[in-house]
Amino acid sequence: MINIFIGDCDFLMTEEVNKKVQDFLKTNSSLSVIKKDVDSITIEDIYNFVEAMSLFSEKQLIILNNLSDLNGGYEALLSRGGKTDNEIIVLDPKIDKRSKAYKEAKKLGLIKVFEKQSKDKVEAWALNYAKQYVDKFSKEAVLEIVKRSDYNEWQIKNSIDMLAPLDQVSLKTVKSYIEEPLEDSVYDLLTLAVNKKSSSLLSKIDNLAISSDPYMTMGFLISQVIKLTAYLRLNKNISDLMSLGYPSWMLKDVASMRALKRSELKEIIRILERADNNLKSTGADLAWAHIRQALIEIATI
């Protein structure tokens, strides 16, 4: 059996490979699982894998990475019309879909595509994955993990597994243990400043300053205000913004942002641009001081 895995979702591809390895090991020795990069094998090796010629008498599972990089590799792989007594898995996101080898493999039904999942599918996958822990996770908790992991399946899986030893995982638990993406945290700074919540603002700045990059923080602040300016001109509701693909951070506290006048937005941009210039000219030691000063100034507009 030959499987050729392609696509840009390495998580799903890896999960499928792991499943096939586990199934294989139910009836075969771990010594029969072979993983090879193409720079460590020859065309003759490929022929031997396909023809099941080995020092081992038992069936083998061979995992090959980037076979496209081996000239003539696919010709050897398909030399028996896609048939072999071994199990061969090829991981090859770089395969040329215009090539004769790809077209032949597709005709033989050997190609499986792993495409990047939509946000809805990632959420559905995460909810299903969390079920293995027998109702420990509330739906709200899982969806918050997905959001804070920026829809990255690896991070979602790791976060769910990390929290699983707890008795119950609620939305509050997730917010306590899993950091939200920097872009969301930066937008929180902006909304706190706009809403003149100085105490919460200063606390949030202090927390971010511990582990976040000040230059990225400033970059996000400026870009978010520019996007907000464009958003106010559109005068769209939340559902329209979602359909247009606007980022999730922009959907938070919409009312406060809508209440801003254009003159106030221009003043916020002016304050941030001045702080950005100061940050670049004085160095990292005073970076967070400039950010703090700019946000406090925004809170007084």
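First, a word on scope: everything that follows refers to the structure included in this document. (Residues numbered from 1 in each chain as written. Predicted model: local features only at pLDDT ≥ 70, side-chain atom pairs only at ≥ 80, totals over all residues. Heavy atoms only, no water.)

### Some thoughts on the overall build of the chain
1) Next: Along the backbone of the chain there are 15 helices and five strands.
2) Next: Scaling as 2.2 N^0.38, a compact globule of 301 residues should have a C-alpha radius of gyration of about 19 Å, whereas the chain reaches 26 Å, well beyond that.
3) Next: Considered along the principal axes of its C-alpha atoms, the chain spans approximately 80 × 45 × 40 Å.
4) Next: In the chain, buried positions account for 41% of the 301 residues.
5) Next: Sequence-distant contacts in the chain: of pairs separated by 6 or more residues, those separated by 24 or more amount to 76%.
6) Next: Total accessible area on the chain is roughly 16800 Å²; 50% of this is exposed by carbon and sulfur atoms.
7) Next: Here the chain holds 42 positive side-chain charges and 43 negative ones, and the gap between their average locations is 6 Å. (Helix = DSSP H or I, 4+ residues; strand = E, 2+ residues; numbered from the N terminus. Rg over C-alpha atoms; globule rule 2.2 N^0.38 Å. Buried < 20%, exposed > 50% of the residue type's maximum accessible area, 1.4 Å probe, protein only. Contact = heavy atoms within 4.5 Å. Areas by Shrake-Rupley, 256 points an atom, 1.4 Å probe, with all protein chains shown as cover. Lys, Arg positive; Asp, Glu negative; His and termini not counted. Charge placed at Lys NZ, Arg CZ, Asp CG, Glu CD.)

### What to know about the packing of helix α14 (residues 262-282) against helix α15 (residues 287-299)
To characterise two packed helices, one gives the angle between the axes of the helices and the distance between these axes.
1) Next: The interhelical angle for the contact between α14 and α15, taken along N-to-C directions, is 165°, at an axis separation of 9 Å. Classified by the angle between their axes, α14 and α15 sit roughly antiparallel to one another. The element α14 and its partner α15 pack so that their crossing is right-handed. Across from Ile268, Arg270, Ile271, Leu272, Arg274, Ala275, Asn278, Leu279 and Thr282 in α14, the residues of α15 making contact are Ala287, His290, Ile291, Ala294, Glu297 and Ile298.
2) Next: Looking at the contact of α14 with α15 residue by residue, the class counts come to nine nonpolar, three polar and three charged. (Axes fitted to C-alpha atoms, helices over the stretch in contact; angles between N-to-C directions. Parallel < 35°, antiparallel > 145°, perpendicular 65-115°, else oblique. Left-handed = near helix turned anticlockwise from the far one by under 90°. Nonpolar A, V, L, I, M, F, W, Y, C, P; charged D, E, K, R; others polar.)

### Things to note about α15
1) Next: Given a rise of 1.5 Å per residue, 13 residues ought to cover 18 Å, and the 19 Å separating the end C-alpha atoms of α15 matches this to within 8%.
2) Next: Considered for burial, the residues of α15 that qualify are Ala287, Trp288, His290, Ile291, Ala294, Leu295, Ile298 and Ala299. (Expected span 1.5 Å × (residues − 1).)

### Quick word on the pattern of salt bridges
1) Next: If you walk through the whole model with that rule in mind, you get 13 salt bridges.
2) Next: With a closest N to O distance of 2.4 Å, Glu267 and Arg270 form a salt bridge. In this pair, Glu267 and Arg270 are both assigned in helix α14, three residues apart and thus about one turn of the helix distant.
3) Next: The exposure class of Glu267 is partly exposed, given its relative accessible area of 26%.
4) Next: In this structure, Asp276 and Lys280 form a salt bridge, with 3.1 Å as the shortest nitrogen-oxygen distance. (Salt bridge = Lys/Arg side-chain N within 4 Å of Asp/Glu carboxyl O.)

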